[in-house]
Amino acid sequence: MKIKYLDKRGWRRLLKSTYDEKLTSFNGEKFLVSLIDMKEIRSPLVVPVVNKEVKVVDKDYKWLQILPEARKYSITVMYNEKWEKLQYYFDVNTQHYLELGNARRKDIYLDVLALPDGQYELVDEKDIHRALKNNKITKADKDKAYSVAEHIMAEIEKDFSQFEKLADYCLKTIRKQ
């Protein structure tokens, strides 16, 4: 498992950025919300998402990160310079630390990606199998990660708009600062 900081400290692709974070609640649930505004980058990043090539890093792109206190996943909503949503990135995690100035999560390799239209896919399965093979995680950890990923995909199928509403609320909240 890897500890990932929301402020992206040490990420070499990001040369200059602004970072804001805030604790908030939505529908009775506590979240830490952060926003990275990429001012200067080393190079753009284009990734495959549901059979499409999607640019997710470039100058003036933004990442809204939503770290729920009670869920075993976090959400990163990626925006271009015009604030158009590019993708929803669901990281499966084992633990969240909602500490202002030191927000982080313990990532367990498996992820779900979704396009703004609700199409989705499970990714990084090779990573979680490699982690198990190399004794970085247990079989129970792997099984739990798959269970969380299956729950995310079922929730996307059932009502993708719940994630859109959460992201819109969190973006509005963080931009009020």
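About the criteria used
- Just so you know, the residues in each chain are numbered from 1, in the order the chain's sequence is written.
- Since the coordinates come from a predicted model, pLDDT governs what is reported: local features require at least 70, and pairs of side-chain atoms require 80 or more to be given and counted, while whole-chain, interface and lining totals use all residues.
- Processing note: side-chain calculations cover all non-hydrogen atoms of the structure and skip hydrogens and water entirely.
- Numbering of helices and strands runs from the N terminus; a helix is a DSSP stretch of H or I covering at least four residues, while a strand is a stretch of E covering at least two.
- Pairs of residues are marked as contacts when any of their non-hydrogen atoms sit within 4.5 Å.
- Using a 1.4 Å probe on the protein chains alone, a residue whose accessible area is under 20% of its type maximum counts as buried, one over 50% counts as exposed, and one in between counts as partly exposed.
- Pairs of N or O atoms within 3.5 Å make up the polar contacts considered here, provided that, within protein, one atom can donate a hydrogen while the other can accept it, and that residues adjacent in sequence are counted only when both atoms are side-chain atoms.
- Under the pairing criterion, centres of Phe, Tyr and Trp rings, with the six-membered ring standing for Trp, must be within 6.5 Å; the plane angle then separates stacked pairs below 30 degrees from edge-to-face pairs above 60, leaving the rest tilted.
- Lysine and arginine charges are scored as sitting over a ring when NZ or CZ, respectively, is within 6 Å of the ring centre and within 35 degrees of the ring normal.
- Any Lys or Arg side-chain nitrogen located within 4 Å of an Asp or Glu carboxyl oxygen qualifies as a salt bridge.

A. Layout of the side chain of threonine 173. Tracing the sequence through the fold places threonine 173 in helix H3 (residues 161-175). Residues in contact with threonine 173, not counting those within four places in the same chain, are Lys22 and Thr24.

B. Structural view of the environment of aspartate 7. Positionally, aspartate 7 belongs in the loop between strand E1 (2-5) and strand E2 (14-26). Since its relative accessible area comes to 23%, aspartate 7 is described here as partly exposed. Here the alpha-carbon distance between aspartate 7 and isoleucine 36, two residues 29 residues apart in the chain, equals 7.1 Å. Beyond its immediate stretch of four places on either side in the chain, aspartate 7 contacts Tyr19 and Ile36.

C. Spotlight on the side chain of arginine 104. Tracing the backbone through its elements, the reader meets arginine 104 in strand E9 (residues 104-114). Within the structure, arginine 104 has its side chain in polar contact with the side chain of glutamate 99 (distance 3.1 Å). At a separation of 2.9 Å, a polar atom in the side chain of arginine 104 contacts the main-chain carbonyl oxygen of asparagine 102.

D. Layout of the packing of aromatic side chains. Within this structure, the stated rule accounts for 7 aromatic pairs. Their ring planes at 50° and their centres at 6.4 Å tell us that phenylalanine 160 and phenylalanine 163 sit as a pair that is tilted. By the ring-pair criterion, three or more aromatic residues cluster together here, those being Tyr73, Tyr88, Phe90, Phe160 and Phe163. Positioned above the aromatic ring of tryptophan 83, the side-chain terminus of arginine 175 is 3.9 Å from the ring centre.

E. Inspection of the pattern of salt bridges at higher detail. All told, the structure shown has 13 salt bridges when counted by the stated rule. Salt-bridge contacts for aspartate 37 lead to lysine 62; the nearest nitrogen and oxygen are separated by 3.7 Å. One end of the pair, aspartate 37, is in strand E3 (residues 29-41); the other, lysine 62, is in strand E6 (residues 62-68), with 25 residues separating them in the sequence. Looking at aspartate 37, the relative accessible area reads 13%, which means it is buried. In this structure, the salt-bridge partner of lysine 55 is aspartate 58, at a minimum N-O distance of 2.8 Å. A relative accessible area of 32% places lysine 55 in the partly exposed class. Look at the salt bridges and you will find they share partners, linking Asp37, Lys39 and Lys62 into a network.

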